[in-house]
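Structure assessment
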Amino acid sequence: MKLLEGKVALVTGASKGIGRAIAEGFAKQGAAVAFTYLSSVEKGEALEKELAQYGTKIKGFRSDASDFKSAEDLATAVNAEFGKLDIVVNNAGITRDGLLMRMTEEQWDEVLRINLKSVFNLTKAATKIMMKQRFGSVINITSIVGIKGNAGQANYAASKAGIIGFTKSVALELGSRNIRCNAIAPGFIETEMTAVLDQKVVDEWRNGIPLKRGGQPNEVADACVFLASDMSTYITGQVLQVDGGILT
Ligand code: NAP
């Protein structure tokens, strides 16, 4: 028996990187998967075809996670199309790095809107459906930077720390409805987001990681499968670090 058989999952920002790996990991474990993308339209459409090989229902939606109304429409459309909504992964995110002295108001607002408001948008819309079902697992992708802070990422760190406070609050509010809400804090994961980093910075990071390597998107996806599945039915309000031990 696969770990997510019979479950319906929605993953935001799945056109590449970690979100893509999560959508694939869920489909491999038997879940029906809805996912979103925004600017990478070709990649999103290709993923829908690729995931069909796992034999479950798959559908991609072009949807802006930072827009409140779009998130509501998305949750309604997924519920109508798939008949229910068991698992939501709020993964969509961006970076607009810079030291505070040089950070513009636009860089601050954009990161907070896309990384944090998006989590509010979809969690609110999805948990309305989950409350009626009396079942649900919400997984929010934060970052170790949200726990530790990072010079040059004040906007990103604030958005990711905000996700942790939000996650714990939702877990407290909705536990009585059998809705769990957890966060995953990846460390340095090798994706397009981290490919833009200076090689020297990356080498320094690698050195500081007890496992002596960057993580792969599928290693974050495996943690998501666990928190989405009935293997974690007594776990809520937690932040699971998937970081090779770097914050130890
Ligand atoms: P990535 O490769 O840059 O992928 C980001 C994804 O988010 C893309 O699929 C992108 O879709 C989507 N996205 C961005 N803005 C969106 C919006 N407004 N609406 C819908 N989708 C949107 O990044 P990643 O490394 O996989 O990161 C995924 C998540 O993990 C992020 O929340 C990130 O902060 C977090 N994280 C990453 C690392 C790491 O080391 N990589 C570490 C800690 C946490 P389109 O391209 O289609 O727009």
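Whatever comes next refers back to the structure up there.
**Details of the overall build of the chain**
Counting its secondary structure elements, the chain contains nine helices and seven strands. Here the chain has a C-alpha radius of gyration of 17 Å; the compact-globule value for 248 residues is 18 Å, and the two agree. By principal-axis analysis of the C-alpha atoms, the chain measures approximately 50 × 40 × 35 Å. Counting all 248 residues of the chain, 48% fall into the buried class. Counted over contacts in the chain with a minimum sequence separation of 6, partners at least 24 positions apart contribute 75%. Accessible surface, the chain: about 11,800 Å² in total, of which carbon and sulfur atoms supply 53%.

**Things to note about the site of the ligand**
Every one of the 31 residues lining the ligand counts as a neighbour, but Ser-15, Ser-40, Asn-91, Tyr-156 and Thr-191 are closest to it. A distance of 2.5 Å separates an oxygen atom of the ligand from a polar atom in the side chain of Tyr-156. With respect to the ligand, the side chain of Lys-160 contributes an N or O atom lying 2.9 Å from an oxygen atom. Relative to its free-state accessible area of 900 Å², the ligand is covered by the protein chains to the extent of 94%. Residue assignment for the shell around the ligand shows that the elements contributing at least two residues are helix H1 (17-28), helix H6 (154-174) and helix H7 (192-195). By residue number, the principal contributor to the shell around the ligand is H7, which donates three residues. For the shell around the ligand, the residue count by class is 14 nonpolar, 13 polar and four charged.

**Focus: the packing of H1 against helix H9 (residues 217-228)**
Close contact between H1 and H9 brings their axes to 8 Å; oriented N to C, the two are set at 50°. Overall, the two elements H1 and H9 adopt an arrangement that is oblique. Of the two elements, H1 crosses H9, and the hand of that crossing is right-handed. Packed against H1, whose contacting residues are Gly-17, Ile-18, Ala-21, Ile-22, Gly-25 and Phe-26, the element H9 presents Pro-217, Asn-218, Val-220, Ala-221, Cys-224, Val-225 and Ala-228 at the interface.

**What to know about the packing of aromatic side chains**
Summed over all chains, the structure comprises three aromatic pairs. Ring centres 6.3 Å apart and planes at 45° place the aromatic pair Phe-35 and Tyr-37 in the tilted group. Across this residue pair, the class does not change: Phe-35 and Tyr-37 are buried. Summarising the aromatic geometry, the rings of Phe-188 and Trp-205 are spaced 5.3 Å apart at their centres and angled 85° between planes, so their arrangement reads as edge-to-face. Of this pair, Phe-188 sits in the loop between strand E6 (179-186) and H7 while Trp-205 is found in helix H8 (residues 199-208), placing the two residues 17 residues apart along the sequence. Given a relative accessible area of 6%, Phe-188 falls into the buried group. By relative accessible area, Trp-205 is classed as partly exposed at 30%. Of note, Lys-57 hangs over the ring of Phe-82, and the distance from its end group to the ring centre comes to 5.2 Å. Its guanidinium or amino end placed over the ring of Phe-61, Lys-59 lies 5.5 Å from that ring's centre, counting from NZ or CZ.

**Remarks on a nonpolar patch on the surface**
Together, Leu-3, Phe-226, Met-231 and Leu-240 give the surface a local cluster of nonpolar side chains, amounting to about 340 Å² of exposed area. Mapped onto the elements of the fold, Met-231 is located in the loop between H9 and strand E7 (239-242). Owing to a relative accessible area of 55%, Met-231 belongs among the exposed residues under this scheme.

**Describing the side chain of Thr-167**
Turning to its location among the elements, Thr-167 is positioned in helix H6. For Thr-167, a relative accessible area of 1% translates into the label buried. Contact partners of Thr-167, with chain neighbours within four places excluded, come to Asn-140, Cys-181, Asn-182 and Ala-183.

**A word on the pairing of strand E2 (residues 32-37)**
Burial analysis of E2 places six of its six residues in the buried class, the great majority of the element. What you see with E2 is no split at all: Ala-32, Ala-34 and Thr-36 on one side and Val-33, Phe-35 and Tyr-37 on the other are buried throughout. In this structure, strand E1 (residues 8-11) lies alongside E2, joined through four bridges in parallel fashion. Opposite Val-8, over in E2, you have Ala-32 as the bridge partner. Handedness of the E1-H1-E2 crossover: right-handed.

Cut-off values and rules
- Residues numbered from 1 in each chain as written.
- Predicted model: local features only at pLDDT ≥ 70, side-chain atom pairs only at ≥ 80, totals over all residues.
- Heavy atoms only, no water.
- Helix = DSSP H or I, 4+ residues; strand = E, 2+ residues; numbered from the N terminus.
- Rg over C-alpha atoms; globule rule 2.2 N^0.38 Å.
- Buried < 20%, exposed > 50% of the residue type's maximum accessible area, 1.4 Å probe, protein only.
- Contact = heavy atoms within 4.5 Å.
- Areas by Shrake-Rupley, 256 points an atom, 1.4 Å probe, with all protein chains shown as cover.
- Near = heavy atom within 4 Å.
- Polar contact = N/O pair within 3.5 Å; in protein donor to acceptor, adjacent residues only side chain to side chain.
- Nonpolar A, V, L, I, M, F, W, Y, C, P; charged D, E, K, R; others polar.
- Axes fitted to C-alpha atoms, helices over the stretch in contact; angles between N-to-C directions.
- Parallel < 35°, antiparallel > 145°, perpendicular 65-115°, else oblique.
- Left-handed = near helix turned anticlockwise from the far one by under 90°.
- Phe/Tyr/Trp six-rings, centres within 6.5 Å; stacked < 30°, edge-to-face > 60°.
- Lys NZ or Arg CZ within 6 Å of the ring centre and 35° of its normal.
- Patch = residues over 30% accessible without salt bridge, like charges linked within 9 Å, V, L, I, M, F, W, Y side chains within 5 Å.
- Salt bridge = Lys/Arg side-chain N within 4 Å of Asp/Glu carboxyl O.
- Pairing = 2+ DSSP bridges.
- Right-handed = clockwise from strand over helix to strand, strands pointing away.

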